[in-house]
Amino acid sequence: MKKTTVIIMVIVFVCLVSNSFCEDGYYLAGLRGGCFKADHVDLSVIRQEMMNRLIAMEVDGKPYGCYRLRTKVQPDIYATCDAVHMRTIMGENFYKTLTDVQRQQWIDYINSYAQPNGVYKGGRHSDLHRNGMVIGALGPLGGQQKYPVGLYNEFDSADEVANWLETKIDWKNLWGGSHLFWGGIHCFSKSKRCTEQWYENVLGWLDENLDPNTGFWRKGVKSWPYNGIGGGAHIWPVYQQHGHRFPYPEKAIDSIIKLQREDGTWMKDLTTYYLDLDALYGLKFFRTQVPNYRKVDIDEAVRKSGKAIMSSYYKFMNSDPDLHQVLGLVGSIGLLQQHDGVTYHDSIKWTDIFSDPRLYQTDKVEVLPK
């Protein structure tokens, strides 16, 4: 090994070590391991680093909007949809930042994964989950799906939707099982095809099967308690975005706070930010319904969560995470700003995966059956 190479490696190691710790009252954040004051996190720095990550994941020689999940892997439908979601959450308006040609290339690339039955090819999660990701991506870009979505056929009737909820959702393993609800029931609820009776049947079934003691689903089904948060987050938007009051917001707040770990996380070691995202979203949604309930406790839960998230940011972003995991982090940071815009400040208002209506424009992106 050349002497110059050794010297460079030593310098890099020293820099990493020296930037791996912060004084009390500071967070470790930023790809260079900068120390941010605990009461003053400049999200414009984070936003630029996220954009740099996205630029690094663009695939050369491909249409605009073609992304890979991480370095040295093939392009992926999740990556290209994740990029839209991330940039939308961070406040970007594609009609202002992109040319018409760029937007159309991005739309066409997403639709290159479409099959005649309306299912988008790809791995990772279920067909319905990918449907939700596609709807969330095409809406802000101003695009439409290539074909009608046949996946809705199993539950698009008001008479059959309750049975579908009863038999098709894995309520014992709801964190994963609720993906079908999010990309299916919730997305269809924003369709031009959705009837008032269908929606009333869905909400009636959900209300009836909600556990009044915990505010979680499903009553009478025992499972890992964190399923109530991870699964609930995929269902709560159908209440929020239609203005339907959630029956037990106080109980849900109690349950979410009770499940927070001592280190401020909901998911041990933050191997994924999605459970913490889900918890922060739940607290934000429910506190809008009961704004004075346990306000101090919610603020403390958010403070502890923010410290955990920002303290793990540097290590996470330098580990070559895939874009779908980064999306969970971006949504979590967006919710931290929504809870505490003084600490997490930016000239741009961040949103999140679940509450932003721009990510649920089914009525604009759908192609109706003939």
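Residues numbered from 1 in each chain as written. Predicted model: local features only at pLDDT ≥ 70, side-chain atom pairs only at ≥ 80, totals over all residues. Heavy atoms only, no water.

Things to note about the overall build of the protein chain
In step 1: The helix and strand tally for the protein chain stands at 17 helices and four strands.
In step 2: In the protein chain, once contacts between residues fewer than 6 apart in sequence are set aside, the share between residues at least 24 apart is 70%.
In step 3: Within the structure as shown, the protein chain displays about 16,600 Å² of accessible surface, and the carbon and sulfur contribution to it stands at 53%. (Helix = DSSP H or I, 4+ residues; strand = E, 2+ residues; numbered from the N terminus. Contact = heavy atoms within 4.5 Å. Areas by Shrake-Rupley, 256 points an atom, 1.4 Å probe, with all protein chains shown as cover.)

Re the packing of aromatic side chains
In step 1: Within this structure, the stated rule accounts for 23 aromatic pairs.
In step 2: Summarising the aromatic geometry, the rings of Trp171 and Trp205 are spaced 5.2 Å apart at their centres and angled 35° between planes, so their arrangement reads as tilted. In this pair, Trp171 sits in the loop between α7 (161-168) and α8 (174-177) while Trp205 sits in helix α10 (residues 196-209), placing the two residues 34 residues apart along the sequence. For the pair Trp171 and Trp205, a shared accessibility class is recorded, and that class is buried.
In step 3: Between Trp182 and Tyr360, the aromatic rings sit 6.3 Å apart at their centres with planes inclined by 90°, giving edge-to-face as the arrangement. Pair noted here: Trp182 is in helix α9 (residues 179-189) and Tyr360 is in the loop between β4 (344-345) and α17 (362-365), with a separation of 178 residues, a long-range link.
In step 4: The exposure class of Trp182 is buried, given its relative accessible area of 3%. (Phe/Tyr/Trp six-rings, centres within 6.5 Å; stacked < 30°, edge-to-face > 60°. Buried < 20%, exposed > 50% of the residue type's maximum accessible area, 1.4 Å probe, protein only.)

Points about the packing of α7 against α9
In step 1: The geometry of α7 relative to α9 is characterised by a closest axis approach of 11 Å and an angle of 165° between their N-to-C directions. Relative to α9, the element α7 is oriented roughly antiparallel. As α7 runs across α9, the sense of the crossing is right-handed. Judged by residue contacts, Val161, Trp164, Leu165 and Lys168 of α7 engage Leu180, Phe181 and Ile185 from α9.
In step 2: In terms of residue class, the contact of α7 with α9 is built from six nonpolar, no polar and one charged. (Axes fitted to C-alpha atoms, helices over the stretch in contact; angles between N-to-C directions. Parallel < 35°, antiparallel > 145°, perpendicular 65-115°, else oblique. Left-handed = near helix turned anticlockwise from the far one by under 90°. Nonpolar A, V, L, I, M, F, W, Y, C, P; charged D, E, K, R; others polar.)

Examining the environment of Thr288
In step 1: Structurally, the position occupied by Thr288 is in helix α14 (residues 274-289).
In step 2: What makes Thr288 exposed here is its relative accessible area of 51%.

Re the pattern of salt bridges
In step 1: Across all of its chains, the model carries 16 salt bridges by this definition.
In step 2: A salt bridge links Asp127 to Arg130, with the nearest nitrogen and oxygen atoms 2.2 Å apart. Residue Asp127 and its partner Arg130 are both found in helix α6 (residues 127-141); the two are separated by three residues, about one turn of the helix.
In step 3: On the basis of relative accessibility, which here comes to 5%, the residue Arg130 falls in the buried class.
In step 4: Several salt bridges converge on common partners, so that one network encompasses Arg70, Arg124 and Asp322. (Salt bridge = Lys/Arg side-chain N within 4 Å of Asp/Glu carboxyl O.)

Concerning the side chain of His85
In step 1: Assignment of secondary structure puts His85 in helix α3 (residues 77-89).
In step 2: Here His85 falls in the buried class, since its relative accessible area comes to 1%.
In step 3: Not counting residues up to four positions away in its chain, the partners in contact with His85 are Met133, Gly136, Ala137, Leu327 and Leu359.

Here's the deal with the packing of α3 against helix α5 (residues 100-111)
In step 1: Where α3 meets α5, the axes come as close as 9 Å, and the angle between the chain directions of the two elements is 140°. Put simply, α3 runs oblique to α5. Read as a crossing pair, α3 and α5 show a hand that is left-handed. Only Trp106, Tyr109 and Ile110 of α5 make contact with α3, whose side of the interface consists of Ile77, Thr80, Cys81, Ala83, Val84 and Arg87.
In step 2: Its residues placed into classes, the contact of α3 with α5 shows seven nonpolar, one polar and one charged.

A look at the confidence of the model for the protein chain
In step 1: This prediction gives the protein chain a mean pLDDT of 91; 90% of its residues lie at or above 70.
In step 2: Low pLDDT, under 50, characterises residues 2-20; the stretch is placed with eight contacts to residues that sit more than four places away or in other chains. (pLDDT = per-residue confidence, 0-100.)

Quick word on α3
In step 1: Under the 1.5 Å per step criterion, the end-to-end length of α3 is 18 Å for 13 residues, consistent within 8% with the ideal 18 Å.
In step 2: The buried fraction of α3 amounts to 13 of the 13 residues, a majority that puts the element mostly inside the structure.
In step 3: By the N-cap criterion, in which a side-chain oxygen at the helix start approaches the backbone nitrogen of a residue two or three places on, α3 is capped by Asp76, the distance to Tyr78 being 2.6 Å.
In step 4: Once α3 finishes, Gly91 follows within two positions and takes phi at roughly 95°, a positive value. (Expected span 1.5 Å × (residues − 1). Polar contact = N/O pair within 3.5 Å; in protein donor to acceptor, adjacent residues only side chain to side chain.)

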